[in-house]
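# Structural overview for review
For reference, the chains in residue letters:
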Amino acid sequence: MVDEVKETNHDGEKPEEETGEENKYLLPDKAYKALKWVALIALPAVAWLVGAVGPQWGLPHCGEIVTTINAVGLFVGALIGVSQLTAAKPDGSGEK
């Protein structure tokens, strides 16, 4: 039998009473992980794929498409980086 079930917060984080701290990021945890995967894995892989097979298939403007995909990846990476940096640090943590 289940003694006690703790629900997660609406953003996928563990409850505050379980972790001892609340989520202070701009993005919910699930969104952060998904965007991180997109920025670090998916978009660079798609850009490489378009750059490699696009000219063989006669896809016009391959260079511009690859540059655009990489720029979107950089933008998403910057957004998740801002979320990580703007998270409030706990008092007395010694971090700046």
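Residues numbered from 1 in each chain as written. Predicted model: local features only at pLDDT ≥ 70, side-chain atom pairs only at ≥ 80, totals over all residues. Heavy atoms only, no water.

Once that is clear, we can look at the UniProt feature "transmembrane region" (unreviewed entry) in the protein chain. The feature "transmembrane region" (unreviewed entry), as given by UniProt, occupies residues 34-53 and 65-87 in the numbering adopted here. Each end of residues 34-53 is marked by a C-alpha atom, and these two atoms are 26 Å apart; helix forms 100% of the span and strand 0%. The span residues 65-87 shows a helical share of 91% and a strand share of 0%, and its end C-alpha atoms are spaced 34 Å apart. (UniProt positions renumbered as here; feature names shortened; annotations may be inferred. Helix = DSSP H or I, 4+ residues; strand = E, 2+ residues; numbered from the N terminus.)

For the rest of this paragraph, the subject is the nonpolar core. Leu43, Ala47, Val50, Val66 and Ile69 form the largest nonpolar core, which has five residues in total. When residues of this core are traced back to their parent elements, those giving at least two are helix H2 (29-57) and helix H3 (62-85). Sort the elements by how many residues they give to this core and H2 lands first, with three residues. Residues contacting leucine 43, with those up to four places away along its chain left out, are Val38, Ile69, Val72 and Gly73. (Core = buried A, V, L, I, M, F, W, Y, C linked by side-chain atoms within 4.5 Å. Buried < 20%, exposed > 50% of the residue type's maximum accessible area, 1.4 Å probe, protein only. Contact = heavy atoms within 4.5 Å.)

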